[in-house]
Structures are given as C-alpha cells and as structure tokens.
Amino acid sequence: MADDIVGLEFEKPISELEVKIQELRSCAASEHLDFSDEIKVLEEKCEQLKQQIYSNLTPWQRVLIARHPQRPYTLDYIKALTTDFIELHGDRTFSEDAALIGGLAFFEGKPVVVLGHQKGRTVQESMRRNFGMPHPEGYRKALRLMKLAEKFNRPVLAFIDTPGAYPGIGAEERGQARAIALNLMEMASLKTPMICTVIGEGGSGGALAIGMGDRLLMCENAWYSVISPEGCAAILFRDSARAIDAAAALKLTAGELKAMRIVDEIIPETQGGAHRDPAFTVNALRTSLIKHLTDLQTLTPEQLLESRYQKFRSVGTWRETELEKVTKRRSKVKSA
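Every value quoted in this text rests on a predicted model; they were computed, and no experiment measured them.

**Student:** Would you take a moment to explain a nonpolar patch on the surface for this structure?
**Tutor:** A surface patch of nonpolar side chains, amounting to about 340 Å² of accessible area, comprises Val123, Met127 and Phe131. Among the structural elements, methionine 127 can be located in helix 5 (residues 123–128). By relative accessible area, methionine 127 is classed as exposed at 56%.

**Student:** Sorry if this is basic, but what is going on with the pattern of salt bridges here?
**Tutor:** Side chains that differ in sign of charge can pair as their charged atoms come close. Going through the model one piece at a time under the given rule, you end up with 21 salt bridges. For arginine 71, the salt bridge is made with glutamate 269, and the minimal N-O distance between the two is 2.5 Å. With arginine 71 in the loop between helix 3 (59–66) and helix 4 (74–81) and glutamate 269 in the loop between strand 8 (265–267) and helix 13 (278–296), this pair connects stretches of sequence that are 198 residues apart. Accessibility expressed as a relative area gives 1% for arginine 71, which makes it buried. Glutamate 108 is paired through a salt bridge with arginine 286; the nearest N and O atoms lie 3.0 Å apart. Here the residue glutamate 108 occupies a position in the loop between strand 2 (100–107) and strand 3 (110–117), and arginine 286 occupies one in helix 13, the gap between them amounting to 178 residues. The class for glutamate 108 is partly exposed, based on a relative accessible area of 46%. On the basis of relative accessible area, arginine 286 is assigned to the partly exposed category, the value being 22%.

**Student:** For this particular structure, what's the right way to read the nonpolar core?
**Tutor:** Nonpolar side chains tend to gather and get buried jointly when the protein is soluble and globular. Residues Tyr77, Met146 and Leu157 are the most contacted members of the largest nonpolar core, which totals 52 residues. With six residues, the single largest contributor to this core is helix 6 (residues 136–151). With near-sequence residues (within four places) excluded, methionine 146 lies in contact with Leu115, Val156, Asn183, Met187, Leu190, Met194 and Ala209. Listed in part, the 13 residues of the second largest apolar core include Ile14, Ile21, Leu42 and Cys46.

Calculation rules
Residues numbered from 1 in each chain as written. Predicted model: local features only at pLDDT ≥ 70, side-chain atom pairs only at ≥ 80, totals over all residues. Heavy atoms only, no water. Patch = residues over 30% accessible without salt bridge, like charges linked within 9 Å, V, L, I, M, F, W, Y side chains within 5 Å. Areas by Shrake-Rupley, 256 points an atom, 1.4 Å probe, with all protein chains shown as cover. Salt bridge = Lys/Arg side-chain N within 4 Å of Asp/Glu carboxyl O. Helix = DSSP H or I, 4+ residues; strand = E, 2+ residues; numbered from the N terminus. Buried < 20%, exposed > 50% of the residue type's maximum accessible area, 1.4 Å probe, protein only. Core = buried A, V, L, I, M, F, W, Y, C linked by side-chain atoms within 4.5 Å. Contact = heavy atoms within 4.5 Å.

Here's what the structure looks like:
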C-alpha cells in the first residue's frame, strides 16, 4: 500500500498498525537496530486484520470505498486502457459539461468511442466537474457520441461514476428528465455494441442514462442503485443518518446485483479497493472488455438489438405464485 493512501473510518485499526510498522522501520534504519522480529509480528497481525475487515465488508463500507477520493476515475481508465484519445466537447445545443467526458480512442488497436462521468481530485476541479453530476447538456453530449459511434460502427465503452444527475433548477429548466429518457430510448435501439462499467458510484437515472448497454460490468466495490443511501434514508426512514440501514436494504452491491442478473460480470479489485492498486483492476477490466467485445462483434445489428431486448426483459421477473398471493389479498379486502 502506498504511504499517501487516505484511510477510511473503518480502516483505522489497519492504519494504526501500518504507522507502527513504519515507525519501527524508520527507527531501525536511523539507530541501526534490529527490529525484524517485532516488525514481522506486526505485519502478520496487520494481514490478519485486513483479511478480517475486507472479507466482511458491509454494503455501506463498500459505498465508502466507491467514494474514496483516490479511487480511479473515468479519465484514469481511459488513459490506462486506450490510446490516441481525442476528447470531443459540447452538446451542439447549449454548452460543454465537464461532468461527463467522452471522445474517440483505440482499444486494443481497434477504434472505439469512450464516455463516462468524471469527478475532480481538488476542490476547484470538483466544482468544475460538478462532483460528477451532469446537467442535461452532458447527457445530450453522451447521446451525440453514441450516435457517432453507431454511424461509424464503433463500439461504445461507458464508465459510470456519479451520485446522480444534477437536480438543480437550471438543469430541470433545460430538460434533465427528458435528456435522460431520450438517452434510454436511443440506447435501446443503438445498432453498435455498448459495454457499460460501474467503476464507482452508480446513482439513479444519472447512471442509467449511459448504462443501458449490451453488457453491464461492475467493479467489486462499486454501488449501483435507484437512489443514494442518504436519499433513500431521508425518504423511507425520515432520517438521512440511517444511510447504513438504507444501503443494506437497497441491495446495491456488485454481488447482490449479479445474483439478480442485473450485472453481467464483477470486476475484481485488490484488497481494500481499486485505489490501492489501480493496475490490478485495470488489467481485470481489460480482459473482461476484450472477452465481451469479441462476443458482441460476432452479432449482426438485428441479433444485437434482440439480445439487448431480452437482457432487459429478463430483469425483474414476476413469479406466478406471487401474483396469486396478491390476487388472494385483494379478494379478501373486497370481501371484508
């Protein structure tokens, strides 16, 4: 682990041990003393603690890891995965939106269109990027890029990392809901392969607006849901402080979504999160993208659209037994 990694609250016991190990090493080097046995004991204890904590992460802890300020963002993945990236700007209607970036690139030597949400590292950059929350013009830009990909038969690689679409007055005045709905409609009939990857936060329609692809991949410690845990807690429990309970109720983790067939594949991360070893996750994602692109590019446009249709039709299936239970309850209410 790099020395400059920012620790989360639940990682404090690990951080404290790592500090002690570093202090012993520094003391041994400066005083020419042998602390190898003590260091070995602490390192073993630290590894045991890491295994205990990271193998039993709660949904809320995964949300915190997904929000880690040093986690790789879309531009980091584009830089690591592609070559010759040329960013394209503007929606040709209102303005440029820095919260959603995209352009042309080469992936494994083949031309692709890449796009995704982009957050900032510093306060100034975060404000310029609007903390990864796009305005309608951001989603219109994304749609422009997707239609460009369709025109020139280029696959689309989308990276999802947003707490949600920006809900401000200006965004609503310029048609935020319509921009998201239009993207959903167009993605449903896009005649080119599209692979979407949730790399961090996947909040609400803001995530779905670039997430209706042929394959949905999800990093191990990302989250994807109709609403943020804080928003859900405020609505359901009337208390945003109960975000921990909401995170558990929302079933927003990669494992839970894979079990519900919403996510097609989970991209593994190194112990503690992708920010601790970005190259590990990048290589895993590269392998997955190659595999899925190879499969999708063997399909005709008609087969691609049918496959995409069936994928989304299979989400949220309704059992006949459940229907019977509802019918019985209604009959009892009417007869009462």
